[in-house]
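Notes for the structure review
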Amino acid sequence: MELSGSEIIIQFLKDEGVKHIFGYPGGAVLHIYDALQKQTDVEHILVRHEQGASHAADGYARATGKPGVCLVTSGPGATNAITGIATAYMDSIPLVVITGQVPSHVIGQDAFQEVDAVGVSRPCVKHNFLVKDLSKLAETLKKAFYVATTGRPGPVVVDIPKDITAPHIKIPYEYPAKVDIRSYNPNFKGHPRQIKRAVELMLSAKRPMVYTGGGIIMDNASQELRDFVRRLGFPITQTLMGLGAFPGTDPQFIGMLGMHGTYEANMAMHECDVLICIGARFDDRITGVTSKFCPYAQIIHVDIDPASISKTINADIPIVGGAKQVLSEMIKQIDSTDARVDQTALDNWWNTIKTWQQQDSFAYEKKDGLIQPQEAVEELYKVTGGDAYITSDVGQHQMYAAQFYHFDEPRRWINSGGLGTMGFGLPAAMGVKLAFPDKDVACVTGEGSIQMCMQELSTCLQYGLHVKIINLNNRYLGMVRQWQEFFYEKRYSHVYMDSLPDFVKLVEAYGHVGIRVDDPKDLHDAMAEAFKLKDRTVFLDIITDQEANVYPMISAGKAHNEMDISPLQQARQAALREKGELV
Amino acid sequence: MRHIISLLVENEAGALSRISGLFSARGYNIESLTVATTEDQTLSRMTIITTGSDRIIEQITKQLNKLIDVVKLQDFTEGNFIEREMMFVKVKAEGDTQRGEVKRLSDIFRARIIDVTDTTFCIELTGSGDKLDAYIRAMHENNIIEVVRSGSMGILRGEKALTL
């Protein structure tokens, strides 16, 4: 089969099993778009800004586990996509981003719409390629997909000069089914002796703790994790990135940990004697101050990326390997060994944890006539039966969504954890909805974040992507305001959103349904109405309490047992102490 | 502590910037970095001299290994290896006394004079970094016109080798 470069790209995507790509045309990719237009196997979603393309592909990848694919033009097309690429990089999401480049013979001459896409993207990709030779095009694309999806996944950029895609230059094409990169051999199997040591240590624990992250979801190891944790009867906490891998409603799950985690999860981290970390990377939002992190624990750390092990927290038993394989092996060894967990010690440990749980650390006060952001998320949870795909932007609403939507399945909670990218939520929701058109998909956002990629409402209309936007509108950049309240004596610097658009009118102008709610009494009906409108994109503008804060909170330089708790919880804690129920 | 890390990397455009970019992005030190192709045209050999605590050095080697262009890597520091650096020094050499002094000093260091004018010598010297430092110290500061150092390169002693 003789094909041009453009045709090779499209045919390759077909052969690779890619059904959807997100993109935006421009001069350097005109040939590719011409080839795209002549076929129907690969559906192209025209976004309104390239940042939307990379976020949408990212959301698609997180929800499906398949690589997300983008196609953008050179120069501003490539730079606009960067924020989405960096977002995917920080959260280890497989993306393949094809950027057009100016023709080979003018590279380096400051040509129109020229930017060194390989150079610009280098710090935030797993790898990138500049295709210099048409005969290497198919092989390079295959390498890109291979690198993006294996080991610790990540985004890969393939920069393709326009002349490579010229329609009149044709070469033989054959799908490169296999690829070999001599310097890249990710290790999935953990070292058997290390696994044996880890199993011995965990079975000897008096106060064990399982702490898992996005690595479980990436490696599709949820079932193995469930089997593992249930066999042992240990408490488990999950990071923001790991929610849903282990069911959020399971009694063994004691909540998210970290800066805004539950009281019991953070206290248990502090007090545990053996910490089993799988597919998480001891991020600073998780550890608090590292010098006081898990002071009594021996630490087992399982990660596919050797560089994540002992990076910030020293591992006593490091295991380099994929979560799925290592967990399977651990389960096998637990089943075959005669050693047993010290059940009395474990019962005592659970009793301690239960006293911490009495704190009910997410509790908040409801007020007449004023919607609390937490109750909006609780209502969302009820109305969707806990079964929706939830994307979020970044800020207080993101934490409320993580705290109050109890994810029972992996890949349902889609947010920018590492980079913290405002503007992620809506395009990510589009990607999810495209993959799962029959499922409820909601984007929990705020009036600050939503305006960062608002233009994608237009894409939602064009492709019938009927997502629900849950806008927790407090007229403040809430998380920044919270920090200014706590650490800057309430000097609110540039966090008040004046001159907000009338969101209802705005979304109507985009051809969607807008509903405003400002009374808790109307919240349920409005939420129910939004999800009843199956074939419409609905924007729920929920006017919430302006000064609600996210609790608990671990401030900078503090340890897990030095959380700030809300005034409501402080009163409760005092009462529990008086009764002698809190140690 | 000072470490000498030797790498085999793909001989491709961009490989060097990935490696130097890694050091600057993560705030690691580079004392020197040398690179050139090997007998295998697809591979470049690189020697990096860096400093840091054990934890930082461990991270440096892990992060380098993670780069797709890095084919093989070894930290020579703990092992038995040879390290050499090359230096050119251009010095003022005017009048018999000064010319004689420079010549004698160079002989002591087993340096070679590789270019001569009426007023200057250009000297080539190979050795450990310390030896080159010592030569510069010994040379009268005012005499030095220009110093060019290659940065260190290293190779394992004995039969061990960093090859594919």
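The structure this text deals with has already been given above.
A brief look at the structure comes next. (Residues numbered from 1 in each chain as written. Chains lettered and ligands numbered in written order. Predicted model: local features only at pLDDT ≥ 70, side-chain atom pairs only at ≥ 80, totals over all residues. Heavy atoms only, no water.)

On to the overall build of chain B, then. The secondary structure content of chain B amounts to 4 helices and 9 strands. Projected onto the principal axes, the alpha-carbon positions of chain B cover approximately 55 × 35 × 30 Å. Counting every position in chain B, which comprises 164 residues, the buried fraction comes to 43%. Once local pairs closer than 6 in sequence are excluded, the contacts in chain B between residues at least 24 apart make up 72%. Counting every atom, chain B has about 8900 Å² of accessible surface; 50% of that belongs to carbon and sulfur. Of the side-chain charges in chain B, 21 are positive and 24 negative, and the distance between the mean point of each set is 3 Å. (Helix = DSSP H or I, 4+ residues; strand = E, 2+ residues; numbered from the N terminus. Buried < 20%, exposed > 50% of the residue type's maximum accessible area, 1.4 Å probe, protein only. Contact = heavy atoms within 4.5 Å. Areas by Shrake-Rupley, 256 points an atom, 1.4 Å probe, with all protein chains shown as cover. Lys, Arg positive; Asp, Glu negative; His and termini not counted. Charge placed at Lys NZ, Arg CZ, Asp CG, Glu CD.)

Turning next to the interface of chain B and chain A. Listed per partner, the contact involves 20 residues of chain B and 21 residues of chain A. Contact between chain B and chain A buries roughly 1600 Å² in total, counting both sides, with carbon and sulfur atoms accounting for 45%. Its largest share of buried area at the contact with chain A, chain B owes to R18, R55 and I68 of chain B, together 43% of the area lost on that side. In this structure, the connection of chain B to chain A is made through 2 salt bridges. The partner of E10 of chain B in a salt bridge is R182 of chain A, and the shortest N-O contact between them spans 2.8 Å. When contributions to the side of chain B that touches chain A are tallied by element, the ones reaching two or more residues are α1 (15-26), α2 (54-66) and β4 (70-75) of chain B. Here the side of chain B that touches chain A gets 6 residues from one element, more than from any other, and that element is α2 of chain B. Residue classes in the side of chain B that touches chain A are distributed as 6 nonpolar, 5 polar and 9 charged. (Buried area = accessible area lost by both parts, 1.4 Å probe. Salt bridge = Lys/Arg side-chain N within 4 Å of Asp/Glu carboxyl O. Nonpolar A, V, L, I, M, F, W, Y, C, P; charged D, E, K, R; others polar.)

Residue and element names in this part refer to chain A. A cluster of like negative charges, contributed by D518, D522, D525 and E529, occupies part of the molecular surface. Position of D522 among the secondary structure elements: in helix α20 (residues 520-532). Owing to a relative accessible area of 40%, D522 belongs among the partly exposed residues under this scheme. (Patch = residues over 30% accessible without salt bridge, like charges linked within 9 Å, V, L, I, M, F, W, Y side chains within 5 Å.)

All names here are of chain A. The final tally for this structure, using the stated rule, is 1 cavity of 30 Å³ or more. Each pocket or cavity is described by its volume, and for the largest cavity that value is around 40 Å³. Around the largest cavity, the lining residues are A78, T79, I82, I85, T99, A117, V120, S121 and V157. Counting residues per element, the ones that place at least two in the lining of the largest cavity are α4 (76-90) and α5 (117-121). The greatest single-element share of the lining of the largest cavity, amounting to 4 residues, is contributed by α4. Taken together, the residues of the lining of the largest cavity sort by class into 6 nonpolar, 3 polar and no charged. (1 Å grid on protein atoms, 1.4 Å probe; cavity = no way out; pocket = protein on both sides within 12 Å on 5 of 7 lines; lining within 4 Å. Points joined across faces, edges and corners; volume = space filled by probe spheres on them.)

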